[in-house]
Amino acid sequence: MTFPIIPLYGSDFQATLTAKPFLRLVGDVALDASAFKNDTDVLNAVKQLLKGSARTVSLVLTGDKEFDENQLINLLNNGVSSLLTNTAIPFDSIPKARVLEIPSTITLTNKITLQSFTKTFLSQVKTDRKDGLYTTLVVDDKERCLGLVYSSIGSITQAISQQVGVYFSRSRNEIWVKGLTSGNTQSLLSIDIDCDADALKFTVSQVGTGFCHNGTQSCFGDLTYGLTGLEHTLNDRMINAVDGSYTQRLFKDETLLNAKIKEEAEELTEAVTKDELAWEAADLFYFAMVRLVANGVSLADVERNLGMKNLKITRRKGDAKEKFLAKDTKNNDNTQEPAAKKAKVERTLGSNDKIYLDVVNSTDLEGVTKAVTRPIQKTSQIMHLVNPIIDNVRKIGDKALMDYTKKFDGVDLKAPVLEAPFPEEYLEGLTQEMKEALDLSIENVRKFHAAQLQKKPLVVTTQPGVVCSRFPRAIEKVGIYIPGGTAILPSTALMLGVPAQVAGCKEIVFASPPRKSDGKVSPEVVYVAIKCGASKIVLAGGAQAVAAMAYGTESVPKVDKILGPGNQFVTAAKMYVQNDTQALCSIDMPAGPSEVLVIADEDADVDFVASDLLSQAEHGIDSQVILVGVNLSDKKVQHIQEAVHEQALALPRVDIVRQCIAHSTIILCDNYPEAFDMSNKYAPEHLILQINDADRYVSLVDNAGSIFVGSYTPESCGDYSSGTNHTLPTYGYARQYSGANTATFQKFITAQQVTSEGLENIGKAVMCIAKVEGLDGHRNAIKIRMSKLGLLPKDFV
Ligand SMILES: NC(=O)c1ccc[n+]([C@@H]2O[C@H](COP(=O)([O-])OP(=O)(O)OC[C@H]3O[C@@H](n4cnc5c(N)ncnc54)[C@H](O)[C@@H]3O)[C@@H](O)[C@H]2O)c1
Ligand SMILES: N[C@H](CO)Cc1c[nH]c[nH+]1
Ligand SMILES: [Zn+2]
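Residues numbered from 1 in each chain as written. Chains lettered and ligands numbered in written order. Predicted model: local features only at pLDDT ≥ 70, side-chain atom pairs only at ≥ 80, totals over all residues. Heavy atoms only, no water.

K.L.:
In this structure, what is going on with the overall build of the protein? I would like to understand it.
P.N.:
When its secondary structure is counted, the protein shows 27 helices and 27 strands. Compactness check: the protein gives a C-alpha radius of gyration of 37 Å against a globular reference of 28 Å for 797 residues, more than 25% above the reference. Principal-axis analysis of the C-alpha atoms gives the protein an extent of 105 × 80 × 60 Å. Relative to its full complement of 797 residues, the protein shows a buried share of 47%. (Helix = DSSP H or I, 4+ residues; strand = E, 2+ residues; numbered from the N terminus. Rg over C-alpha atoms; globule rule 2.2 N^0.38 Å. Buried < 20%, exposed > 50% of the residue type's maximum accessible area, 1.4 Å probe, protein only.)

Set out below in structure tokens:
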């Protein structure tokens, strides 16, 4: 309920408040317009009062001071909540709701003593409690509940007079000045009375550890964090920043901070699902809060501003500035994620900003956690885009496949599948040099994967007369997805096609998006298809290609397993079909953006290190590269950063690199075991060792997709030609998955043969366990045989 006295101030309001500080406890205040020279002075007073404890400021227009229409609108737009007057205001532009008559029940005054103020306050409250106390809710300045207490007339009187938290302790039966013994005192900011005047609300600023006698911030435990908590942490970091921490870097580097705000704002505009929106908004709030805290602006200042804007009468039209509109119209179809990526790329193109990695110390746990957090994967969140694609391909088959190819790849196909033998014209443009390069790579991959073939069945006699064996069989039909969106990757075709052939798969189907220019797939992919004995090339990409291979269409055979990396649409579709029992189709692994972790020491060649980081950074904006340095000097780190910058600028995909490096880090460790520990926790797709005696350290690796040992083993070798496979677990899945290998294209069948001797050896054990499981049929299958063989006593039951 409204307090019956509203303090009325003139231009000397500061002096009044100094003389009568208890007036601050009333949230609603009024300004006497006639006591001000002009509207500017009124506005200044409004601003100061709102910055203090006032929640609303009204302007009293009963005197002779007159303002014109524009001045009044300006005042109402900038903090004046209402005009109090007993005569009509002759301007239609001013909403009636903002012009109020002064109610007869309210006294507007500052000529009031502490005693009469307290008396008036107490005359408003009542209690139905037998002990005559008033239930009192205590909240902090963010309106968060600290606890429930009781007030007496005496405690209220003392609280008003001293503007501190004073209550009545029922256990001690005395007035209780909060914090007198604990030091956790409170300044009282305002007092409110509830709607039926039998409960109070004390809004306080809590000093010390908190309100509760148990040491928590509130009597309901510690307060949950959110923006307020973030503000608190950042304020603390401002004073006690951990050296080398990311937040400290942001405080110091305004250019970086501003760039991050813009980047996060753009990502928020690109977010689609609820989870994405929440994620991106949180990032934006974080960087915005750092900027606020760095400039001494509080959340309360922002909220006040929001309140003021909420009261605006005239508003800006709300149009966006031209420069932002231009980018948005390019990307007005929310299914066109690549367009959004393109917009980002355009933004950074030609930028001269230094390309450098964050540097954190291994002891900075917060910094390390941030460094090893992979960019968020949106796979599960784009199911709502992928589901209809899968449904349509299942229902309509080839026609849907061709429609989507037209829509997403801009190619109008006559037929969606190219059948072997593939026409010569499809090899047009393939150079001899390229053929030889592919041949060499194919042969090395073939050698390494053929060596993995289990030639003879595994046979083990577990008991006399009990022989167990295991042997592989190729998965009959496999579908291999070869990405073709931002880059065409014939190397992926050979990394999967060759082991499929080695394993003996009967049908190998390739799928890859056709080129916009001529509707064909690249001659290199066709060449690999021929070398691997692929029967078909599906001219489609994305979720539609995966669906076609999983369920089959008129011209695409249904396969048993789908393999190969791809973008989020491909990955989401693969995850979907592997969970659909009607598809009866497995997948290799959830492949994500490429990543590398390089461990380097002081003797490492800075150019080699930089080149290895960049070779993965150029894969995609969500790729991640990490350098773990062992005892690196500052100078070395600086040289590596310089090499990264220089080499990156010379790369055609520098714009992608720039964005990848923005979430990539150098982690500084003191010794090798610590570096390997860090790497095992990250479980990188690729691990490069540029350290002395690198091969001695391989035994320390527990989790990694593939290891590149020594300074002359760049990851590119494994990507193309050494013989190992480049389809590897990303995103930390190296903890439980292996990279693609020959066994990926096989399943293993076990067999056993038991003789009468064998039955004698294991039969009783089988019967015993079957009995405890209550499965008498199982038991019987043994009993019948053993009885016929005379291996059981006649009375055996
Ligand atoms: N981990 C590995 O081993 C490895 C290896 C190579 C590549 N990759 C990754 O594979 C990915 C390749 O992605 P890419 O985009 O270049 O090629 P891609 O072939 O995976 O995807 C292109 C297809 O996506 C579909 N698509 C595009 N926009 C769409 C939309 N808005 N809605 C529905 N479908 C849409 C289209 O059908 C298009 O044909 C990259 O992320 C790369 O890092 C990983
Ligand atoms: N490094 C990628 C896997 O993360 C594979 C690749 C293909 N072409 C070049 N590299
Ligand atoms: Zn690569």
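K.L.:
Can you walk me through the site of ligand 2 in this structure?
P.N.:
Taken together, Leu489, Ser491, Ser594, Gln616, His619, Glu685, His686, Glu715, Asp719, Tyr720 and His726 form the complete shell of residues around ligand 2. Between a nitrogen atom of ligand 2 and a side-chain N or O atom of Ser491, the distance comes to 3.4 Å. One of the side-chain N or O atoms of Ser594 is found 2.9 Å from an oxygen atom in ligand 2. The protein chains hide 92% of the 290 Å² of surface that ligand 2 would expose on its own. Counting residues per element, the shell around ligand 2 draws most heavily on helix H25 (residues 715-720), at three residues. Looking at the shell around ligand 2 residue by residue, the classes come out as two nonpolar, six polar and three charged. (Near = heavy atom within 4 Å. Polar contact = N/O pair within 3.5 Å; in protein donor to acceptor, adjacent residues only side chain to side chain. Areas by Shrake-Rupley, 256 points an atom, 1.4 Å probe, with all protein chains shown as cover. Nonpolar A, V, L, I, M, F, W, Y, C, P; charged D, E, K, R; others polar.)

K.L.:
Even after reading the chapter, I still don't get unusual backbone geometry, so can you show me in this structure?
P.N.:
It is generally the case that most residues other than glycine have a negative phi and that most peptide bonds are trans. Following Ala420, the chain continues into Pro421 via a peptide bond in cis, with omega recorded as 0 degrees. Structurally, the position occupied by Pro421 is in the loop between strand S14 (417-419) and helix H16 (432-450). With a phi angle near 45 degrees, Leu584 is a residue other than glycine that sits in the positive phi range. By the secondary structure assignment, Leu584 is in the loop between helix H20 (568-579) and strand S21 (586-587).

K.L.:
What exactly am I supposed to notice about the coordination of the zinc ion (ligand 3) here?
P.N.:
Metal coordination angles have textbook ideals: 109.5 degrees for a tetrahedral set of four donors and 90 or 180 degrees for an octahedral set of six. Every protein donor of the zinc ion (ligand 3) is listed here as His619 (NE2) and Asp719 (OD), and their distances to the metal cover 2.1 Å. Here His619 falls in the partly exposed class, since its relative accessible area comes to 35%. Given a relative accessible area of 11%, Asp719 falls into the buried group. (Donors = N, O, S within 2.8 Å, 3.2 Å for Na, K, Ca; no water.)

K.L.:
What am I meant to see in the domain arrangement of the protein here?
P.N.:
Interfaces are often described in size by the accessible area the parts lose on coming together. As far as domains go, the protein holds domain 1 (5-109), domain 2 (114-206), domain 3 (381-438 + 478-577), domain 4 (595-723) and domain 5 (755-788). Each of domain 3 and domain 4 was reduced to a C-alpha centroid, and the two centroids are 32 Å apart. Across the boundary between the two partners, domain 3 contributes five residues, which contact four residues of domain 4. Across the domain 3 to domain 4 interface the summed buried area is about 350 Å²; carbon plus sulfur atoms make up 52%. Taken together, domain 3 and domain 4 are joined by zero salt bridges. Our enumeration of links across domain 3 and domain 4 arrives at zero residue pairs in polar contact (both at pLDDT 80 or more). Taken together, the residues that form the side of domain 3 that touches domain 4 break down as three nonpolar, two polar and no charged. (Domains from an automatic or database assignment. Contact = heavy atoms within 4.5 Å. Buried area = accessible area lost by both parts, 1.4 Å probe. Salt bridge = Lys/Arg side-chain N within 4 Å of Asp/Glu carboxyl O.)

K.L.:
Can you walk me through the packing of helix H19 (residues 542-551) against H20 in this structure?
P.N.:
When two helices pack together, their arrangement is given by the angle between their axes and by how far apart the axes lie. Here H19 crosses H20 at 25 degrees, and the two axes come no closer than 7 Å. Relative to H20, the element H19 is oriented roughly parallel. Of the two elements, H19 crosses H20, and the hand of that crossing is right-handed. Contact residues: H19 offers Gly542, Ala543, Val546, Ala550 and Tyr551, while H20 offers Phe569, Val570, Ala573, Lys574, Tyr576 and Val577. Among the residues forming the contact of H19 with H20, the class breakdown is nine nonpolar, one polar and one charged. (Axes fitted to C-alpha atoms, helices over the stretch in contact; angles between N-to-C directions. Parallel < 35°, antiparallel > 145°, perpendicular 65-115°, else oblique. Left-handed = near helix turned anticlockwise from the far one by under 90°.)

K.L.:
Honestly, the confidence of the model for the protein in this entry has me stumped. Any pointers?
P.N.:
Taken residue by residue, the protein gives an average pLDDT of 90. The fraction at 70 or more is 94%. Considering only residues more than four positions removed or in separate chains, one finds that residues 327-351, a stretch of pLDDT under 50, has 31 contacts. (pLDDT = per-residue confidence, 0-100.)

K.L.:
I'm lost on empty space enclosed by the protein in this one. Help?
P.N.:
Taking a probe equal in size to a water molecule and rolling it over the atoms shows the remaining empty space. Per the stated rule, a full pass over the model turns up two cavities of 30 Å³ or more. Of the voids in this model, the second largest cavity is the one considered here, and its volume is about 30 Å³. What lines the second largest cavity is simply Arg374, Pro375, Pro593, Ser594, Glu595, Asp622, Ser623, Gln624 and Tyr731. Residue composition of the lining of the second largest cavity, grouped by class: three nonpolar, three polar and three charged. (1 Å grid on protein atoms, 1.4 Å probe; cavity = no way out; pocket = protein on both sides within 12 Å on 5 of 7 lines; lining within 4 Å. Points joined across faces, edges and corners; volume = space filled by probe spheres on them.)

K.L.:
Mind showing me how you'd approach the sheet that holds strand S16 (residues 466-474) here?
P.N.:
Hydrogen bonding along the main chain pairs the strands of a sheet, whether they run parallel or antiparallel. Pairing is antiparallel across the open sheet formed by three strands, whose spatial order is S15-S16-S27. Because the sheet does not close on itself, it has two edges, and the strands there are strand S15 (458-463) and strand S27 (746-754). Taken pair by pair, the neighbouring strands of this sheet meet at an average axis angle of 20 degrees, ignoring direction. Where S16 and S27 come together, nine bridges link them in antiparallel fashion. Pairing of Arg470 across the sheet is with Thr750, part of S27. (Pairing = 2+ DSSP bridges.)

K.L.:
Would you mind going over the pattern of salt bridges with me for this structure?
P.N.:
Side chains bearing opposite charge may pair, as long as their charged atoms lie close to each other. Using the criterion set out here, one finds 23 salt bridges in the structure. Across the pair Lys406 and Asp412 runs a salt bridge whose closest N-O atoms are separated by 3.8 Å. Among the residues examined, Lys406 registers a relative accessible area of 48% and is labelled partly exposed. Where Arg696 meets Asp693, a salt bridge forms, and the shortest distance between an N and an O atom there is 3.8 Å. Among the residues examined, Asp693 registers a relative accessible area of 47% and is labelled partly exposed. Several salt bridges share partner residues, and in doing so they unite Glu419, Glu507 and Lys536 into one network.

K.L.:
Sorry if this is basic, but what is going on with the layout of surface pockets here?
P.N.:
Empty space within the second largest pocket amounts to approximately 1,300 Å³. In this structure, the second largest pocket is lined by 43 residues; those nearest its centre are Asp140, Asp141, Lys142, Leu189 and Ala300. If you list the elements that add at least two residues to the lining of the second largest pocket, you get helix H2 (39-51), strand S11 (186-193), strand S12 (199-206), helix H6 (227-240), helix H9 (274-294) and helix H10 (299-310). Broken down by element, the lining of the second largest pocket gets its largest block of residues, six residues, from H10. Of the residues contributing to the lining of the second largest pocket, the split by class is 13 nonpolar, 20 polar and ten charged.

K.L.:
How should a nonpolar patch on the surface be read in this particular structure?
P.N.:
Among the surface-exposed residues, Val297, Val302 and Leu306 lie close enough to one another that they form a single nonpolar patch of about 220 Å² accessible area. Take Val302: it is sitting in helix H10. You can call Val302 partly exposed: its relative accessible area is 31%. (Patch = residues over 30% accessible without salt bridge, like charges linked within 9 Å, V, L, I, M, F, W, Y side chains within 5 Å.)

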